[in-house]
Amino acid sequence: MTDLHPFVAGLPKAELHVHHVGSASPRIVAELAARHPDSKVPTDPEALADYFTFTDFAHFVEVYLSVVDLIRTPEDVRLLTYEVARDMARQNIRYAELTITPFSSTRRGIDEKAFMEAIEDARRAAETELGTVLRWCFDIPGEAGLEAAQETARLAVDLRPEGLVSFGLGGPEIGVPRPQFKPYFDRAIAAGLHSVPHAGETTGPETVWDALNHLGAERIGHGTSSVKDPALLAHLAEHRIALEVCPTSNIATRAVATLDEHPLGEMVDAGVLVTINSDDPPMFGTDLNSEYAVAARLLGLDERGVAGLAKNAVEASFLDPAGKRRIAAEIDAYTENWLAR
Ligand SMILES: [Zn+2]
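Attention in this report is confined to the structure presented alongside it. Predicted model, so just to flag it, every value in this text is computed and none were measured. (Residues numbered from 1 in each chain as written. Predicted model: local features only at pLDDT ≥ 70, side-chain atom pairs only at ≥ 80, totals over all residues. Heavy atoms only, no water.)

Looking now at the overall build of the protein chain. Of regular secondary structure, the protein chain possesses 16 helices and 8 strands. Taken against the 2.2 N^0.38 rule, which gives 20 Å for 341 residues, the C-alpha radius of gyration of the protein chain at 19 Å falls within 12% of a compact globule. In terms of principal-axis extent, the alpha carbons of the protein chain reach across some 50 × 45 × 40 Å. By the burial criterion, 58% of the 341 residues in the protein chain qualify as buried. Nonlocal contacts in the protein chain, meaning residues at least 24 apart in sequence, comprise 73% of its contacts between residues at least 6 apart. Only carbon and sulfur atoms are counted for the fraction: they give 52% of the accessible area of the protein chain, which is about 13600 Å². In the protein chain, 31 side chains carry a positive charge and 52 a negative one; their mean positions are 5 Å apart. (Helix = DSSP H or I, 4+ residues; strand = E, 2+ residues; numbered from the N terminus. Rg over C-alpha atoms; globule rule 2.2 N^0.38 Å. Buried < 20%, exposed > 50% of the residue type's maximum accessible area, 1.4 Å probe, protein only. Contact = heavy atoms within 4.5 Å. Areas by Shrake-Rupley, 256 points an atom, 1.4 Å probe, with all protein chains shown as cover. Lys, Arg positive; Asp, Glu negative; His and termini not counted. Charge placed at Lys NZ, Arg CZ, Asp CG, Glu CD.)

Next comes the structure, spelled out in C-alpha cells:
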C-alpha cells in the first residue's frame, strides 16, 4: 500500500475536535514556562519531552493541569492561541473549531473581557498571517458542576466573541449525567450557538441519546460507544449528525483497547458522517496528520478516500456555505493535482 503520509501532510484540512490547552506542544509549553520561572514545568526542550511522556492517565491529568497553571495572564492566552494556530498551519489545517474552557481561566482570575480580547486578537492574526481560520467552541468543564455551566453559558452569551460558534461539554462522563446541563445548552442555543457536547467516549450509547434528546447535540464529541446501538447509528446517519472521532485519544484514555479494535469502520459502514480529529494532540503524542494516516489504515482508504474524510469535516463544520465551498474546492484541486503527478 502506498505511504499516504506525504499526501496527508499537504492536504488542506479542517479540524472540529481539538482542545485549546490540550494543543500546547512542548515548544509552546517551554515558552509559557519561561514566562513563569516559579512553575515546576521544565523549560528545556529535552526535559520537557520526558515530562510529556505519560506513564498513565493520572500522570496525563497532572501534566494537563500544570499547563493550565501556566496560563495566568491575557498575554499567555494570546500566545497559546496564536502558537496553536501556527502548529495547525504547519499541518495545512485551514479551519479549526478550537474548544476553549473559559471558566478555567476566569476562575483563576484572568479578566473575562481581556480573555476574550486575547483569543480574538490571536484569531485575527492567525487568519491574516498564517491563513488558518479559527472558530471557538466554549465548553463546560463537566467535573466543575452547574456553577461552571452557568458561568460558561453567561460568558458565551453575554460576552460572545465574534469567533464563537458553538457550546460544548467536556470533562469526565462517568458520574456527570448530561441532562442536568439542559438549561445552559438551551440558553446557548437560543442565542444562536451550535450544540457540540462530548458523549459516549467512556460511557455507553445512552449518553449519546441524552446529548441528542436533552442538549440538542448537532455533532457528538467522540460518540465511540454509538456502535453498540444500531438504532442510534441509524439515527445519526439519517440526521447527518457527525461524530468527531479521535482514534489515538481513544487508545490513550482506554476508551478503546487497541487501534485495530477501533469502531471507526463500523461507523462508516452504518453511513454515519465521521470526521477525524486529534483532541489533545501533543499530550497524546499525535497530530491531525497522524490521525488521518491512522484512519486511512483502519478504513483501507486511498488518496480520494482520505480526501473524502477531509471533506466530511468541512461539511460537518459550522463554517458559512461560501467558506465550506472554498475549502472543499481546495481539497479537490489538491487531490487531483497529486494524482496527476
Ligand atoms: Zn475532547
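Protein-derived coordination of the zinc ion comes from His17 (NE2), His19 (NE2), His198 (NE2) and Asp279 (OD), at a distance range of 2.1 to 2.3 Å. For the zinc ion, the 4 donor atoms are set out with angles of 84 to 172° between them, so the coordination reads as irregular. In primary-sequence terms, the residues that donate to the zinc ion follow H-x1-H-x178-H-x80-D. Residues histidine 17 and histidine 19 agree in their burial class; the two are buried. (Donors = N, O, S within 2.8 Å, 3.2 Å for Na, K, Ca; no water. Tetrahedral: all angles 85-135°; square planar, octahedral: opposite > 155°, others 65-115°.)

Let's shift gears to the pairing of strand β3 (residues 133-141). Summarising burial for β3: 9 of the 9 residues are buried, a large majority. Side chains of β3 alternate between two faces, with Val133, Arg135, Cys137, Asp139 and Pro141 and Leu134, Trp136, Phe138 and Ile140 buried alike. The pairing of strand β2 (residues 93-100) with β3 spans 6 bridges and is classified as parallel. Each bridged residue has a counterpart across the sheet, and for threonine 99 the counterpart in β3 is cysteine 137. Bridge analysis of β3 against strand β4 (residues 164-170) gives 6 bridges, and the strand direction is parallel. Its bridge partner lying in β4, phenylalanine 138 is registered against phenylalanine 167. (Pairing = 2+ DSSP bridges.)

The topology assignment puts glutamate 303 in helix α15 (residues 303-316). Despite its burial, glutamate 303 pairs with no opposite charge, the nearest such side chain being arginine 341 at 5.5 Å. Sequence-distant contacts of glutamate 303, defined by excluding residues within four places in its chain, comprise Thr2, Leu4, Phe7, Thr335, Trp338 and Leu339. (Salt bridge = Lys/Arg side-chain N within 4 Å of Asp/Glu carboxyl O.)

This part is about the nonpolar core. The tendency in soluble globular proteins is for nonpolar side chains to be buried as a group. Counting residues in each nonpolar core, the largest one holds 102 residues, and the members touching the most others are Phe181, Ile220, Tyr292 and Val306. The biggest single contributor to this core is α15, with 7 residues. Once you skip the residues sitting within four places of it in the chain, isoleucine 220 turns out to touch Pro197, Ala199, Val208, Ala211, Leu212, Leu236, Ile241, Ala242, Leu243 and Glu244. (Core = buried A, V, L, I, M, F, W, Y, C linked by side-chain atoms within 4.5 Å.)

This part covers α15. Every α-helical turn comprises 3.6 residues, leaving residues that sit three or four positions apart pointing alike. Taking 1.5 Å per residue, 14 residues should reach 20 Å; α15 reaches 20 Å between its end C-alpha atoms and fits that length. Of the residues making up α15, those classed as buried are Glu303, Val306, Ala307, Leu309, Ala310, Asn312, Ala313, Val314 and Ala316. (Expected span 1.5 Å × (residues − 1).)

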